[in-house]
Amino acid sequence: TVTLHPEEDSKIILEPHDHFDPTTFDSLEVLQQKTERHGYYGGLRLLRATCKRFAELATEAGVNIRRGFRMRYDTTIPVQVGLSGSSAIIVAALRALCSFYQIELSDLDILQRIPNHVLSVEKDELEISAGLQDRVIQVYEGLMYMDFNLPDLQTLGYGTYTRLSCSNLPQLYLAWVRNPEFSGKVHSNLRARFDAREPAVMEAMQKFATFTDEARHLLSKDCDVAEELATLMDQNFQLRRQLLGDSVVGKENLDMVTLAKSLGFGCKFTGSGGAIVCVARRGIVVDELTITAIFNNNGYDFTAVTIHYPSTPTDDA
C-alpha cells in the first residue's frame, strides 16, 4: 500500500520504510545480514522514480500537480521469490498519486500503455530487468489473457489484453521459499538465448503460449477443469526445467515443487523462481491448516490466493 497526506505548499516528502530502508542498525553484524538479505536498495527509490515519471505524464496531460504531499509505503509481498514486489509498489504509488490529484490512470495515457510506463520506471529509471506481464495484471487486476504478439509489440508497443471470467477458475494456492538463497538466478542467460533466437528457446516460447491458450479454453468451459489445469501447470514447469536445467532452477525450487506434487497439486512458477502457484487436482480435499504446516516444516510458506477484482472493470484492450 502507498498512502499520501497533504503537505503545505508544494513540498514533497518521501518517507523511508523502517524495515526496507533502514539507516540505523543494532550492530555491524545486523547491517551485514540485512544487506545480504535485502540488498542496498529498498522501496524509497521506487517511490522517487514513480513520482518523477508521474510528473512527466501529468505535465504532458495538462494535470495541475502543484499540491505537495508526504508519501509512505508498506508491503507484505515476500522478497526475492518472483512475486513482483517492486512493480507492485510502483503501481500502488501511481494509483495513490492519481487519487491524490483526483484523476484516473487513463487520464495519463491510454490504459494499454500504463503497464509500459510502470516498466519504464524499473528499466529506464532504475535499470531493473523486468517484463510486461506482471505490470499488466497489476494495472488491470482480476484475471487477464495477454497476447504479446510481435506485430502489436512492434507497432503499438503493447499486446492485446482480454479480461476473463473467474467463474470457472479453481481455487489457487501460493507457496514460496521462506529464506531464498538466490536472486534472479532462474532467468540465467535465458534472455540472451532468446535474443540469439536459439531454436530450443523459440520452440519453448511457442509451447508456453500454447499452454496459455489451452488454459483459456479450459476456463471457458462449464465444468470442473481443476485436473486439466493442474496438468497444464505441471507441463509448464517441466518445460521450464528442461529449458534451464536443474542447476539453474535450484534445489529449493525443485524440492518445493516435489512437495506440492506429493500433496496432490499441479504447480508452476509465478515468475522467475522462488514461488509457485498451485491447483489441487480433482478429488483432492485441501486442509489448509495441515498443508500449511507441512510446507512450513519444510522451509516454505503457503496460503490460499484471493483474486482482487477491479473496483471499476476495465475494457478489453
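Residues numbered from 1 in each chain as written. Predicted model: local features only at pLDDT ≥ 70, side-chain atom pairs only at ≥ 80, totals over all residues. Heavy atoms only, no water.

### A few points about the sheet that holds strand E3 (residues 68-73)
Stage number 1. On the basis of which strands lie adjacent, the open sheet formed by three strands has the order E1-E3-E2 and mixed pairing. Edge positions in the sheet fall to strand E1 (2-7) and strand E2 (12-14), since each of these pairs with one other strand and no more. Direction aside, neighbouring strands of the sheet carry axes that sit 15° apart on average.
Stage number 2. Sheet topology places E2 next to E3; three bridges connect them, and they run parallel. Within E3, the position partnered with isoleucine 13 by the bridge is arginine 70.
Stage number 3. Sitting on the sheet, helix H3 (residues 85-100) is in contact with E1 and E3, with an inclination near 35° to E1. (Pairing = 2+ DSSP bridges. Helix = DSSP H or I, 4+ residues; strand = E, 2+ residues; numbered from the N terminus. Axes fitted to C-alpha atoms, helices over the stretch in contact; angles between N-to-C directions. Contact = heavy atoms within 4.5 Å.)

### A short note on the nonpolar core
Stage number 1. Grouped together as the largest cluster of nonpolar side chains are 51 residues, with contacts concentrated most on Phe265, Ile276 and Phe295.
Stage number 2. With nine residues, helix H10 (residues 226-244) is the largest single contributor of residues to this core.
Stage number 3. Not counting the four nearest positions on each side in its chain, phenylalanine 295 is found in contact with Ala175, Met256, Leu259, Ala260, Leu263, Tyr300 and Phe302.
Stage number 4. If you look at the next biggest cluster of nonpolar residues, it comprises 42 residues, including Leu47, Ile90, Ala93 and Tyr140. (Core = buried A, V, L, I, M, F, W, Y, C linked by side-chain atoms within 4.5 Å. Buried < 20%, exposed > 50% of the residue type's maximum accessible area, 1.4 Å probe, protein only.)

### Digging into helix H12 (residues 251-262)
For an α-helix, 3.6 residues make a turn, and residues three or four places apart therefore share a direction.
Stage number 1. Relative to the 16 Å expected for twelve residues at 1.5 Å per residue, H12 spans 16 Å between its end C-alpha atoms, a close match to the ideal helical length.
Stage number 2. Where H12 is concerned, the buried positions are Glu252, Asn253, Leu254, Met256, Val257, Leu259 and Ala260.
Stage number 3. Glycine 264 sits one or two residues past H12 and shows a positive phi near 95°. (Expected span 1.5 Å × (residues − 1).)

### Regarding the pattern of salt bridges
Stage number 1. Inspection of the entire model under this criterion finds 19 salt bridges.
Stage number 2. Put simply, lysine 52 and glutamate 125 hold a salt bridge, and the shortest N to O gap is 3.0 Å. One end of the pair, lysine 52, is in helix H2 (residues 44-61); the other, glutamate 125, is in helix H5 (residues 114-125), and 73 residues separate them in sequence.
Stage number 3. Take lysine 52: its relative accessible area is 39%, and that puts it in the partly exposed class. (Salt bridge = Lys/Arg side-chain N within 4 Å of Asp/Glu carboxyl O.)

### Re the packing of H2 against H3
Stage number 1. Axis separation between H2 and H3 bottoms out at 9 Å; the angle between their running directions is 45°. In terms of axis orientation, H2 runs oblique to H3. H2 and H3 meet at a crossing whose hand is right-handed. Here Leu46, Leu47, Thr50, Cys51 and Phe54 of H2 come into contact with H3, specifically with Ser86, Ile89, Ile90, Ala93, Leu94, Leu97 and Cys98.
Stage number 2. Residues belonging to the contact of H2 with H3 are distributed by class as follows: ten nonpolar, two polar and no charged. (Parallel < 35°, antiparallel > 145°, perpendicular 65-115°, else oblique. Left-handed = near helix turned anticlockwise from the far one by under 90°. Nonpolar A, V, L, I, M, F, W, Y, C, P; charged D, E, K, R; others polar.)

### Thoughts on empty space enclosed by the protein
Stage number 1. One pass over the full model with this rule turns up one cavity of 30 Å³ or more.
Stage number 2. Approximately 30 Å³ is the volume attributed to the largest cavity.
Stage number 3. The wall of the largest cavity is formed by Thr50, Arg53, Leu57, Ile90, Leu94, His117, Val118 and Val121.
Stage number 4. Those elements giving two or more residues to the lining of the largest cavity turn out to be H2, H3 and H5. (1 Å grid on protein atoms, 1.4 Å probe; cavity = no way out; pocket = protein on both sides within 12 Å on 5 of 7 lines; lining within 4 Å. Points joined across faces, edges and corners; volume = space filled by probe spheres on them.)

### Comments concerning the confidence of the model for the chain
Stage number 1. Summary statistics for the chain give a mean pLDDT of 92 and a share of 95% for residues scoring 70 or more.
Stage number 2. This stretch, residues 182-186, has a pLDDT under 50; its non-local contacts, to residues over four places away or in other chains, come to 16 contacts. (pLDDT = per-residue confidence, 0-100.)

### Description of the packing of aromatic side chains
Stage number 1. A complete count under the given rule lists 13 aromatic pairs for this structure.
Stage number 2. Ring plane angle 80° and centroid distance 6.4 Å describe the contact between phenylalanine 69 and tyrosine 101, whose orientation is recorded as edge-to-face. You can see phenylalanine 69 sitting in strand E3 and its partner tyrosine 101 sitting in the loop between H3 and helix H4 (105-108), a full 32 residues away along the chain.
Stage number 3. Since its relative accessible area comes to 4%, phenylalanine 69 is described here as buried.
Stage number 4. Aromatic pair phenylalanine 148 and tyrosine 161: ring centres 5.9 Å apart, planes at 65°, arrangement edge-to-face. Taken as a pair, phenylalanine 148 in the loop between strand E4 (144-147) and helix H7 (150-155) and tyrosine 161 in strand E5 (residues 160-163) lie far apart in primary sequence, 13 residues in all.
Stage number 5. For tyrosine 161, a relative accessible area of 0% puts it in the buried group.
Stage number 6. Cluster of aromatic residues (ring-pair linked, three or more members): Tyr173, Phe265, Phe295, Tyr300 and Phe302.
Stage number 7. Sitting over the face of the ring of phenylalanine 100, arginine 67 holds its NZ or CZ atom 3.9 Å from the ring centroid.
Stage number 8. The side chain of arginine 197 reaches across the aromatic face of phenylalanine 194, ending 4.8 Å from its centre. (Phe/Tyr/Trp six-rings, centres within 6.5 Å; stacked < 30°, edge-to-face > 60°. Lys NZ or Arg CZ within 6 Å of the ring centre and 35° of its normal.)

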